Amino acid sequence: ENYSAAFLFRILRKKENNIFARLNEDDMKKMKARLIEMIMDTDAAHHYNLMNRFQLGLDTKKLSRGLLSSMILHVSDVSNPTRPGPIAREWAYVVQTEFFRQGDKEKELRLKKSPFMDRDDENLPQMQIAFIDAVVQPIFRLMADFMPLIEDHCLKPLHLNKAFWHNMMQRDIVKIDDIKSFLDCHKNDEVFDMAESDYNFGDRSERSDHSMPDNSPIPGIPADAKLKGKPERRVSMIALHDGTYTNEEDPEL
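Draft legend 1. Structural context of the overall build of the chain. What the chain contains, in helices and strands, is 10 helices and 0 strands. Each helix and strand of the chain, ordered N terminal to C terminal, gives the series α-α-α-α-α-α-α-α-α-α. Within the chain, buried positions represent 43% of all 253 residues. Within the structure as shown, the chain displays about 15200 Å² of accessible surface, and the carbon and sulfur contribution to it stands at 52%.

Have a look at this one:
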């Protein structure tokens, strides 16, 4: 996240890329701080804290623009499983490949294996279902409470993709190459119809028969990430810069 923030401003230094060129120095300082906060909020270690902050904003009807912008960016960051099936699968393949590269490095350095990163224990459907259950479905459900259109545009494709991965698990097709071969042989076959009929779109429950056990590792989420607890709200960097913060008010923009 630190690298992403630094690289963003490196891009913006080029005149042809600087969409903020008309901002004065004070407004640019605030914009820079806001962008940094948004990017840092995409850190997987902050996932549950961000959800808690957003839930508190909804409950108190004090949902700030800054918090909403952080939530939108983070939701976009984990949105791959909500995309149409072919796109979602391509992203899943890319993520699995990236995980394996990290796993190879962990072996080289004799570090403890991270979940789903050992190419000798490949199981892409299990990884995708675990990620959907623990990360994507809950945060998109939360966003749907604020933006109901997410139900049709994001959650329905998500449920179809989850049903597809469950279908692959039932067939014991768990490796990327085998999944691709299966799809090539069944482009117009029952696997897609089965996936669609396999999910009841009227069911708003967070978990279903497709869900992984509660103690399953979560792909990309640190094992010690905070799952529950009192919502925490941070002091806004912008509030600190302009001296507006007091202990009596929530400074989050």
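Draft legend 2. Inspection of the nonpolar core at higher detail. Among the nonpolar cores identified, the biggest contains 41 residues, and Met71, Leu124, Phe140, Trp165 and Ile179 are the most heavily contacted of them. Of all the elements in the fold, those that place two or more residues in this core are helix 3 (47-60), helix 4 (65-77), helix 5 (85-108), helix 6 (124-146), helix 7 (150-170) and helix 8 (176-185). The leading source of residues in this core is helix 6, at 14 residues. Every residue in contact with Trp165, bar those within four places of it in the chain, is listed here: Arg89, Ala92, Leu124, Pro125, Gln128, Ile129, Ile132 and Ile179. By size, the runner-up hydrophobic cluster in this structure holds 5 residues, among which are Phe9, Phe20, Leu35 and Met38.

Draft legend 3. Main features of the confidence of the model for the chain. Summarising the model, the chain shows a mean pLDDT of 82, and 75% of its residues fall at 70 or more. In this model residues 193-210 is a low-confidence stretch, pLDDT under 50, and it forms 36 contacts with partners more than four residues away in sequence or in other chains. Across residues 244-253, where pLDDT falls below 50, the model places 22 contacts with residues more than four positions away in sequence or in other chains.

Draft legend 4. Broad picture of helix 6. With 23 residues, helix 6 extends 31 Å between its outermost C-alpha atoms, agreeing within 8% with the 33 Å of an ideal straight helix rising 1.5 Å per residue. Its axis deflected by about 50 degrees at Ile132, helix 6 carries its strongest bend there. In terms of burial, helix 6 is a largely internal element, 20 of the 23 residues being buried. Here helix 6 starts with a cap whose side-chain oxygen sits 3.0 Å from the backbone nitrogen of Gln126, and that cap is Asn123.

Draft legend 5. Seen up close, the pattern of salt bridges. Tallied over the full model, the rule gives 11 salt bridges. For Arg119, the salt bridge is made with Asp104, and the minimal N-O distance between the two is 2.7 Å. Residue Arg119 is found in the loop between helix 5 and helix 6, and its partner Asp104 is found in helix 5; the two are separated by 15 residues along the sequence. According to the relative accessible area criterion, Asp104 is partly exposed, its value standing at 30%.

Draft legend 6. Here's a closer look at the side chain of Asn80. Structurally, Asn80 is set in the loop between helix 4 and helix 5. Among all residues touching Asn80, those that are not within four sequence positions of it are Ala88, Trp91 and Val95.

Draft legend 7. Main features of a nonpolar patch on the surface. On the surface, a cluster of nonpolar side chains totalling about 300 Å² of accessible area is made up of Tyr3, Phe7 and Ile11. Relative to the helices and strands, Phe7 is located in helix 1 (residues 2-12).

Basis of the calculations
- Residues numbered from 1 in each chain as written.
- Predicted model: local features only at pLDDT ≥ 70, side-chain atom pairs only at ≥ 80, totals over all residues.
- Heavy atoms only, no water.
- Helix = DSSP H or I, 4+ residues; strand = E, 2+ residues; numbered from the N terminus.
- Buried < 20%, exposed > 50% of the residue type's maximum accessible area, 1.4 Å probe, protein only.
- Areas by Shrake-Rupley, 256 points an atom, 1.4 Å probe, with all protein chains shown as cover.
- Core = buried A, V, L, I, M, F, W, Y, C linked by side-chain atoms within 4.5 Å.
- Contact = heavy atoms within 4.5 Å.
- pLDDT = per-residue confidence, 0-100.
- Expected span 1.5 Å × (residues − 1).
- Bend = angle between axes of the 7 residues up to and from the residue.
- Polar contact = N/O pair within 3.5 Å; in protein donor to acceptor, adjacent residues only side chain to side chain.
- Salt bridge = Lys/Arg side-chain N within 4 Å of Asp/Glu carboxyl O.
- Patch = residues over 30% accessible without salt bridge, like charges linked within 9 Å, V, L, I, M, F, W, Y side chains within 5 Å.

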